[in-house]
Amino acid sequence: MDALLDLLRGTVTSPWVYLLIFGLTAVDAFFPAVPGEAAVITAGVLAASDGHPSLTLVILSAAVGALVGDHVSYAIGRGGGAGRLARLPDGSRRRASSEWARRAVDRRGGIILTTSRYVPGGRTAVTLTMGAVRYPRRAFLLYDSIGAVTWALYCGLLGYFGGLAFERDPVKGVLVGVGVSLVITFGLEGIRWLRRRAHREARRRAGSRH
């Protein structure tokens, strides 16, 4: 555990850490397997315990990286994303996310863009869909900027306060911060799933009456 902590401290004291956070959050926007959120939370924890890296620069790097990555995903959508979404297997998680994203974009547009960042798979599905349906670029930039900044603040401050709470054990602070993030994320996903199920049941009952 001490070796891991030393490795983390050695990494975050380097000025390259901000470029690393930028890169991870950018790639995470269109390839969700990359641990962008965990990287920001970890940097926030160590900012609280050691003062390095700078929490302000961590949040700024994460926000800019997320914004750039979302625009890459949007560009992919404009460049043929509609066809890719149509070829996703029926019943797959990505197909369900893309269909949810298309309905959400039609109904609420920019509002769903700012909140989709907290839904597993939702961010990528929404940005791809917005590109595919040619959502206006200026509106996309405005709402995505709001979403990227609030998400970076959320992750950075979650890590920072976790670091303050576990000042003598930063690794525990990282684990708690990531754990809280997962609970919130999957809690939102659970609520969305329950609402979708309730809507299906309502439609089924309405159809059976006719």
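Refer to the structure presented above.
All values derive from a computational prediction rather than experimental measurement.

Asker: I would appreciate a short explanation of the overall build of the chain in the present structure.
Answerer: Helix and strand counts for the chain stand at nine helices and zero strands. Seen in sequence order, the chain has helices and strands lined up from the N terminus as α-α-α-α-α-α-α-α-α.

Asker: Help me out: how do you make sense of the pattern of salt bridges in this one?
Answerer: Working definition: two side chains of opposite charge can pair if their charged atoms are close together. Considering all chains together, one arrives at two salt bridges under this definition. Asp28 serves as the salt-bridge partner of Arg123, at 3.3 Å between the closest nitrogen and oxygen. Of the two residues, Arg123 sits in helix α7 (residues 122–132) while Asp28 sits in helix α2 (residues 17–30), which places them 95 residues apart along the sequence. Residues Arg123 and Asp28 agree in their burial class; the two are buried. The shortest N-O distance in the salt bridge between Arg117 and Asp70 comes to 2.3 Å.

Asker: What should I look at first to understand helix α3 (residues 36–50) in this one?
Answerer: For the α-helix, the turn length of 3.6 residues means that residues three or four positions removed from each other point alike. In this model, α3 (15 residues) spans 21 Å end to end at C-alpha, consistent with the 21 Å of a helix rising 1.5 Å per residue. Burial runs high along α3: 13 of the 15 residues are buried. Positive phi shows up at Gly51, right after α3, with a value of about 85°.

Asker: Teacher, can you tell me more about the nonpolar core here?
Answerer: Across soluble globular proteins, nonpolar side chains show a tendency to be buried alongside one another. Ranked by size, the top nonpolar core spans 19 residues in total, and within it Ile21, Val40, Ala62, Trp151, Ala152, Tyr154 and Cys155 carry the most contacts. In this view, Ala62 contacts Ile21, Thr25, Val40, Trp151 and Ala152; residues no more than four positions away in its chain are not counted.

Asker: In this structure, what is going on with a nonpolar patch on the surface? I would like to understand it.
Answerer: A cluster of nonpolar residues, Val27, Phe30, Phe31, Leu57, Leu60, Val64, Val68, Val72 and Ile76, forms a patch on the protein surface that exposes about 670 Å² of accessible area. Listed by contribution, the elements that provide at least two residues to the nonpolar patch are α2 and α4 (55–86). The element that contributes the greatest number of residues to the nonpolar patch is α4, accounting for six residues. In this structure, Val64 sits in helix α4.

Asker: Would you take a moment to explain the side chain of Asp70 for this structure?
Answerer: Tracing the chain through its elements places Asp70 in helix α4. Sequence-distant contacts of Asp70, that is, excluding residues within four places in its chain, are made with Ala29, Arg117, Arg123, Thr127, Phe140 and Asp144.

Asker: Help me out: how do you make sense of the packing of α2 against α3 in this one?
Answerer: A packed helix pair is summarised by two numbers, namely the angle formed by the two axes and the spacing between the axes. Where α2 contacts α3, the two axes come as close as 8 Å, and the packing angle between them is 150°. The angle between α2 and α3 falls in the class roughly antiparallel. Between α2 and α3 the crossing geometry is left-handed. Where α2 abuts α3, its residues Ile21, Leu24, Thr25 and Asp28 lie against Gly36, Glu37, Ala39, Val40 and Ala43. Its residues assigned to classes, the contact of α2 with α3 shows five nonpolar, two polar and two charged.

Conventions used here
- Think of each chain on its own: its residues are numbered from 1, step by step along the sequence as written.
- Totals for whole chains, interfaces and linings use every residue, but because this is a predicted model, local features are given only for residues with pLDDT of at least 70 and side-chain atom pairs only at 80 or more, for both listing and counting.
- Processing note: side-chain calculations cover all non-hydrogen atoms of the structure and skip hydrogens and water entirely.
- Strands here mean DSSP runs of E at least two residues long; helices mean DSSP runs of H or I at least four residues long; both are numbered from the N terminus.
- What makes a salt bridge here is a side-chain nitrogen of Lys or Arg within 4 Å of a carboxyl oxygen of Asp or Glu, nothing more.
- Burial classes follow relative accessibility: with a 1.4 Å probe on protein chains only, a residue under 20% of its type's maximum area counts as buried, one over 50% as exposed, and anything between as partly exposed.
- One less than the residue count of a helix, multiplied by 1.5 Å, gives the span that helix is expected to have.
- Residues belong to a common nonpolar core when they are buried Ala, Val, Leu, Ile, Met, Phe, Trp, Tyr or Cys residues joined through side-chain atoms within 4.5 Å.
- Contacts between residues were defined by any pair of non-hydrogen atoms, one from each residue, lying within 4.5 Å.
- A patch is a set of surface residues, each over 30% in relative accessible area and not in a salt bridge, joined within 9 Å for like charges and within 5 Å for the nonpolar side chains Val, Leu, Ile, Met, Phe, Trp and Tyr.
- Computed with a 1.4 Å probe, the accessible areas rest on the Shrake-Rupley method; for each residue, only the protein chains presented here act as cover.
- Angles run from 0 to 180 degrees between N-to-C directions of axes, and those axes are lines fitted to C-alpha atoms, restricted for helices to the stretch in contact.
- Relative orientations are named as follows: roughly parallel for angles under 35 degrees, roughly antiparallel for angles over 145 degrees, roughly perpendicular for angles from 65 to 115 degrees, and oblique for any other angle.
- For any pair of crossing helices, the crossing counts as left-handed if the nearer helix is rotated counterclockwise from the farther one by less than a right angle, and right-handed if it is rotated clockwise.
- As a working rule, the residues Ala, Val, Leu, Ile, Met, Phe, Trp, Tyr, Cys and Pro are called nonpolar, Asp, Glu, Lys and Arg charged, and the rest polar, with Gly in that last group.

The values are spatial; any link to function lies outside them.
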